[in-house]
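# Architecture at a glance
Now for the letters of each chain:
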Amino acid sequence: MSAEAIEVQGRCEPAFEPLRRALAQIIDTGREVGAALAVYVGKESVVDLWAGHKDAARTRRWDENTIVNLYSVGKAVTAVCALRLAERGALDLDSPVSRYWPEFAQAGKTRLPVRLLLTHQAGLPAVFRELPKGAVLQWEVMTAALAAQEPWWKPGAGHGYHVNTYGFLLGELVRRITGKSLGSYLRDEIAGPAGLDFFIGLGPELDARCADVIPALPGPEAEQRRASLAGDLGALTGLSRMRAGAYWNPPNLSGQGIVNTREWRAAEVPSTNGHGSARGVARLYSALATDGKLDGVHILSPSTVEMAIAEQAYGEDLVLQRPTRFGLGFQLTMRERPLGPNPRSFGHFGAGGSLGFADPDARVAFAYAMNQGREGWQHKHVRDLIDRVYEAL
């Protein structure tokens, strides 16, 4: 099948037509089963495209209303919720977490400040105690285990990607302050009023819109990483145990084996199981790239965004063992993994290559969603899409 034969639905401005052809080629070459791309310049939608299928059998077409599990793209959405509370004075980033969550003051964490949860410097990317299968779907089990956990390194002395614990930590703060779960707060305060197509915790009425997550294509980086983390968790010690536990304690922590189930979709696992569309993610970032508003709904003020995208941590990541760069809840552009050519771009990748980011200098918002992707942290076809956006500006 040629790329020209792939049916790419949606619309884009004439200058961005090369992106339609690029998306067709991505599907045609088998790099994705289904995918969607959305780009805003200022508040104007200039790209809104989708192609392929929702399922591995290719029986259900990806359509304009398709949503999919976007994995860590949801970390930035979680950060927006926390930053809104900080902006309103309900959450002090320099106060101890235990001020809001008293049980957190265990295992030497009495004075650990909120800020370090946002910057992946808290030393809590994993739980040492082996947790039972299914615990990831039980909010109170996960948050109690994290409250009891001793930091794996001195908080603030290093940083390591809180792959799956990030959302539980910040989500519990949101719950303690507002009385609402993170997913409910997102729905009531942001997504509902702004008509934003992003959800943490799905009702069954949304299942028909969901694309299935299909096992990612293997990549050499992922194979090396898997080999380095292999082995029985109980037999591992030190940082090796931490790195394995960040992904596999409890055993289905990252959604392994349950990602397409009703139970997974219904649960709130904010680091990992946010579901949304490329259009929804791009709309959110269009607010963050401009005046902080989305169709009249306040998201974050420009001054809060400026604070959030100031570099907090950059260098070798204690969990990922490669360079990472963070602001307050956002991944920041870096030479090893650029988000376009400009120095202030920020956003968040998700497993497989999903991505949402904002470039306030170019006033660009970009989002890419897919249901297969490729393992590893470098995705050349996504980088190509970003490059084509800037060529079209």
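Predicted model only: the values in this text are computed from it and were never measured.

## Some remarks on the overall build of the protein
From N to C terminus, the protein includes twelve helices and 14 strands. Taken over the C-alpha trace, the protein has a radius of gyration of 20 Å; the compact-globule value for 393 residues is 21 Å, and the two agree within 12%. Principal-axis analysis of the C-alpha atoms places the extent of the protein at approximately 60 × 45 × 40 Å. Across the 393 residues of the protein, 60% fall into the buried class. Nonlocal contacts in the protein, meaning residues at least 24 apart in sequence, comprise 67% of its contacts between residues at least 6 apart. Surface summary for the protein: the accessible area is close to 14800 Å², and the carbon and sulfur share equals 51%. The protein carries 43 positive and 43 negative side-chain charges, and their two centres are separated by 3 Å.

## Side note on the sheet that holds strand β4 (residues 68-69)
Read across the open sheet, the three strands follow the order β4-β6-β5; overall the sheet is antiparallel. Each edge of the open sheet carries a strand with a single partner, namely β4 and β5 (198-199). As paired strands, β4 and strand β6 (residues 275-276) are joined by two bridges and run antiparallel to one another. Each bridged residue has a counterpart across the sheet, and for valine 68 the counterpart in β6 is glycine 276.

## Digging into the state of the cysteines
Under the defined criterion, the tally for this structure stands at zero disulfides. Between cysteine 81, a cysteine without a disulfide, and cysteine 210, which holds the nearest cysteine sulfur, the sulfur-to-sulfur distance is 19 Å. For cysteine 81, a relative accessible area of 1% corresponds to the buried category. Judged by relative accessible area, cysteine 210 falls into the buried class, the value being 1%.

## Topic: the pairing of strand β3 (residues 44-52)
Across the nine residues of β3, eight count as buried, placing the element largely inside the fold. In this structure, strand β1 (residues 9-12) lies alongside β3, joined through four bridges in antiparallel fashion. The residue bridging glycine 10 from the neighbouring strand is leucine 49, located in β3. In this structure, strand β2 (residues 34-41) lies alongside β3, joined through eight bridges in antiparallel fashion. In the sheet register, alanine 36 faces β3, and the bridge partner there is tryptophan 50. Connecting the antiparallel pair β2 and β3 is a turn made up of two residues, with glycine 42 showing a positive phi of about 65°.

Calculation notes
- Residues numbered from 1 in each chain as written.
- Predicted model: local features only at pLDDT ≥ 70, side-chain atom pairs only at ≥ 80, totals over all residues.
- Heavy atoms only, no water.
- Helix = DSSP H or I, 4+ residues; strand = E, 2+ residues; numbered from the N terminus.
- Rg over C-alpha atoms; globule rule 2.2 N^0.38 Å.
- Buried < 20%, exposed > 50% of the residue type's maximum accessible area, 1.4 Å probe, protein only.
- Contact = heavy atoms within 4.5 Å.
- Areas by Shrake-Rupley, 256 points an atom, 1.4 Å probe, with all protein chains shown as cover.
- Lys, Arg positive; Asp, Glu negative; His and termini not counted.
- Charge placed at Lys NZ, Arg CZ, Asp CG, Glu CD.
- Pairing = 2+ DSSP bridges.
- Disulfide = S-S within 2.5 Å.

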